[in-house]
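So the chains spell out like this:
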Amino acid sequence: MSEQTSVTVDRVIDAPVDTVFDVLSNPQRHQKLDGSGFIRGVEHADRIQKVGDVFTMNMDGPHMGGEYKTDNHVTGYAKDKLLAWQTAPAGTEPPGWEWVWELESQGPDATLVRHTYDWSKVTDKDLLQQVKFPLVSADQLEDTLARLAAETTG
């Protein structure tokens, strides 16, 4: 088993930081951004506004035997700087993997976006055997950043 516990990709996007944050903080837009192809739509979601918010997504993937729902518990929030959430099968507590978005303004029309998929907090050994981390590859995360760039630069 690999000792790797996270994957991080980054890209400068030609859009102001507040525009990028606006897209990322709206779960209604996540399906268009998803480079993994797992997100099928929103079950319940308001704009992310603080740590503790929860949004629910409809998903589909062979690792879960087909269609399923996730509750996404917001763990990090700093307007125009940070969004993070831990994902769990709907109705359960997060088992420890987290999606982190870090934004750094590079001037009025550019933002450095760092996207991390981190499973270092997963401690359930059965789960670690069942789910072959990383479930989402660096290439899929890069695709997500490309989709984000397309969504924010029009």
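Shown above is the structure to which this text applies.
Residues numbered from 1 in each chain as written. Predicted model: local features only at pLDDT ≥ 70, side-chain atom pairs only at ≥ 80, totals over all residues. Heavy atoms only, no water.

### Some thoughts on the pairing of strand 4 (residues 66–78)
- Relative to strand 4, strand 3 (residues 54–61) is paired through eight bridges, and the arrangement is antiparallel. Directly across from valine 54, in strand 4, lies its bridge partner histidine 73.
- The sheet contact formed by strand 4 and strand 5 (residues 82–89) spans eight bridges and is antiparallel. By the bridge assignment, tyrosine 77 is partnered in strand 5 with leucine 83. (Pairing = 2+ DSSP bridges. Helix = DSSP H or I, 4+ residues; strand = E, 2+ residues; numbered from the N terminus.)

### Focus: unusual backbone geometry
- Look at the link from phenylalanine 133 to proline 134: it is a cis peptide, with omega at 0 degrees.
- Mapped onto the secondary structure, proline 134 falls in the loop between helix 3 (125–130) and helix 4 (138–153).

### Some remarks on the sheet that holds strand 1 (residues 6–13)
- Judged by pairing direction, the sheet is antiparallel, and its seven strands sit side by side in the order 1-7-6-5-4-3-2 without closing on themselves. One side of each edge strand has no neighbouring strand; the edge strands of this open sheet are strand 1 and strand 2 (39–44). This sheet shows a mean twist of 25 degrees between the axes of neighbouring strands, independent of strand direction.
- In the packing of helix 1 (residues 17–24) onto the sheet, contacts are made with strand 1, strand 4, strand 5, strand 6 (98–105) and strand 7 (111–118), and the angle to strand 6 comes to roughly 160 degrees. (Axes fitted to C-alpha atoms, helices over the stretch in contact; angles between N-to-C directions. Contact = heavy atoms within 4.5 Å.)

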